[in-house]
Amino acid sequence: MYRPFLPSGYDGGYYFYDLNVKLNYEFSEKDRVYLSGYFGRDKFFFSSKEGANLFEGGINWGNATATLRWNHLYNNKLFSNTSLIFSDYTFENYITTTFETQKFMLRYSTGIQDWSFKHDIDYRPAPAHSIRAGVHAIYHRFTPNALVVEDNAATEQINDVRRLYAWENAVYVEDVIKVGSRVRLNPGIRLTHFAPKEKSYINLEPRLSIAYQFKPDIALKASYAIMNQYIHLLSNTGVGLPTDLWVPSTNNLNPQRSQQVAAGIVKDFEEKEFSVSVEGYYKKSDGIIAYKEGASFLEAQGVDESGATFN
């Protein structure tokens, strides 16, 4: 809408799109297949031209995901979900300058691609008892730094693409059981494994939550959990753009680890069909990474295969 008001020789704009697709097919009373996808992209661009001189640039970012899920009902007490998942996040910025016969182009991008397999089962031996278990496997491909530079005046050509690969696996089991009419327990344990180049991390993640029905309309609840995150997110809070940089744990970069304790109270208003809850938590985190003071996304060097960190 503002293009007609731009000075002569100047152009620019911004657009985005989001597309959601979902297809379901019922093979039988016990088998259903779900295919879903999300595709979104944002693009900002600008250009200015004065005679034979042209200056262009822009920033692009977006996500694409696709999931194929098979739901199988073994019997009234046991069913499973098996999923294949693909996701792709990219961020890119570029600048191109042209002076008559001379041209300089710089393009920087980063991203992460995931290929995932999940198999989850849900067993309900009784109305007050539910057991869940499953295995997850993810193959990550990180591109923390992809730099392309072309300068025909200096005959310089740089195509520096750095990629990291890692497997992330997990197996878990949890139990949800009611003890009497007032207590509900939810214990669980998860074994995680993360394997970047020449390194393996294995961690146990126990968790427990308890809910106590103090009155028919009031419940007290508490929980404790240990969690590990093997993918680090670097964000520049000083820039109002989605400059997210995803990097994995490496030989020199340990996973993020947290311990959390939470407690709260819930009050139900059944006649008016709503509830109110108040909850507090204490969380201790280790292994959090961030930019150094004064550094920015555009100055980051990324993480190479040796585990070198950032500016």
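The preceding data block contains the structure.
Moving on to the layout of surface pockets. Estimated volume of the largest pocket: approximately 270 Å³. Arg-184, Ala-211, Tyr-212, Gln-213 and Ala-219 are the residues nearest the centre of the largest pocket, which is lined by 15 residues in total. Secondary-structure elements contributing two or more residues to the lining of the largest pocket are strand E8 (183-195), strand E9 (201-215), strand E10 (218-229) and strand E13 (256-269). Of the residues contributing to the lining of the largest pocket, the split by class is six nonpolar, three polar and six charged. The volume enclosed by the second largest pocket comes to roughly 180 Å³. Forming the walls of the second largest pocket are 14 residues, and the residues nearest its centre are Met-227, Asn-228, Gln-229, Gln-256 and Ser-258. Only E8, E10, E13 and strand E14 (274-286) provide two or more residues apiece to the lining of the second largest pocket. Its residues assigned to classes, the lining of the second largest pocket shows three nonpolar, six polar and five charged.

Take the pairing of strand E5 (residues 102-126) next. Taken together, the 22 bridges between strand E4 (residues 78-99) and E5 define a ladder with antiparallel strand orientation. Directly across from Phe-86, in E5, lies its bridge partner Trp-115. Between E4 and E5, which pair antiparallel and follow one another directly, the connecting turn spans two residues, one of which, Glu-100, has a positive phi of 55 degrees. Bridge analysis of E5 against strand E6 (residues 129-151) gives 20 bridges, and the strand direction is antiparallel. Paired with Ile-121 across the strands is Ala-133, a residue of E6. From the end of E5 to the start of E6, which pair antiparallel, there are two residues.

Quick look at the environment of Val-278 now. Mapped onto the elements, Val-278 comes out in strand E14. Here the alpha-carbon distance between Val-278 and Asn-186, two residues 92 residues apart in the chain, equals 20 Å. Setting aside residues up to four positions removed in sequence, Val-278 forms contacts with Ala-263, Gly-264 and Ile-265.

In terms of nonpolar packing, the biggest core is built from 12 residues, these being Ile-59, Trp-61, Tyr-89, Phe-91, Ile-112, Phe-142, Leu-164, Ala-166, Phe-194, Tyr-201, Tyr-230 and Ile-231. Within the residue set of this core, elements represented by two or more residues are strand E3 (53-73), E4 and strand E7 (156-179). What Ala-166 contacts, discounting residues up to four positions off in sequence, is Ile-138, Tyr-139, His-140, Phe-142, Phe-194, Ala-195 and Pro-196. Listed in part, the six residues of the second largest apolar core include Leu-234, Val-247, Leu-253 and Tyr-291.

Another aspect to go through is the environment of Pro-144. In this structure, Pro-144 sits in strand E6. C-alpha of Pro-144 to C-alpha of Ser-130: the two residues are 14 residues apart in sequence and 41 Å apart in space.

Attention now moves to the pattern of salt bridges. The full count for this structure, using the stated rule, is 10 salt bridges. Across the pair Glu-205 and Arg-207 runs a salt bridge whose closest N-O atoms are separated by 3.3 Å. Ionic pairing is found between Lys-267 and Asp-217, a salt bridge with its closest N-O pair at 2.2 Å. With Lys-267 in strand E13 and Asp-217 in the loop between E9 and E10, this residue pair connects regions lying 50 residues apart in the sequence. For Lys-267, a relative accessible area of 27% corresponds to the partly exposed category. Among the ionic contacts, a cluster of salt bridges with common partners joins Asp-122, Arg-124, Arg-132 and Glu-174.

Here the focus is the packing of aromatic side chains. All chains considered together, the criterion is met by 11 aromatic pairs. Residues Tyr-14 and Phe-16 carry aromatic rings whose centres are separated by 6.1 Å and whose planes lie at 35 degrees to one another, so their mutual orientation is tilted. Residues Phe-269 and Phe-274 carry aromatic rings whose centres are separated by 4.9 Å and whose planes lie at 15 degrees to one another, so their mutual orientation is stacked. When its relative accessible area of 41% is taken as the criterion, Phe-274 is described as partly exposed. Here the aromatic cluster, defined as three or more aromatic residues joined through ring pairs, consists of Phe-86, Trp-115, Tyr-139, Tyr-165 and Trp-167. Sitting over the ring of Tyr-34, Arg-69 keeps its end group 4.1 Å from the ring centre.

Rules behind the numbers
Residues numbered from 1 in each chain as written. Predicted model: local features only at pLDDT ≥ 70, side-chain atom pairs only at ≥ 80, totals over all residues. Heavy atoms only, no water. 1 Å grid on protein atoms, 1.4 Å probe; cavity = no way out; pocket = protein on both sides within 12 Å on 5 of 7 lines; lining within 4 Å. Points joined across faces, edges and corners; volume = space filled by probe spheres on them. Helix = DSSP H or I, 4+ residues; strand = E, 2+ residues; numbered from the N terminus. Nonpolar A, V, L, I, M, F, W, Y, C, P; charged D, E, K, R; others polar. Pairing = 2+ DSSP bridges. Contact = heavy atoms within 4.5 Å. Core = buried A, V, L, I, M, F, W, Y, C linked by side-chain atoms within 4.5 Å. Buried < 20%, exposed > 50% of the residue type's maximum accessible area, 1.4 Å probe, protein only. Salt bridge = Lys/Arg side-chain N within 4 Å of Asp/Glu carboxyl O. Phe/Tyr/Trp six-rings, centres within 6.5 Å; stacked < 30°, edge-to-face > 60°. Lys NZ or Arg CZ within 6 Å of the ring centre and 35° of its normal.

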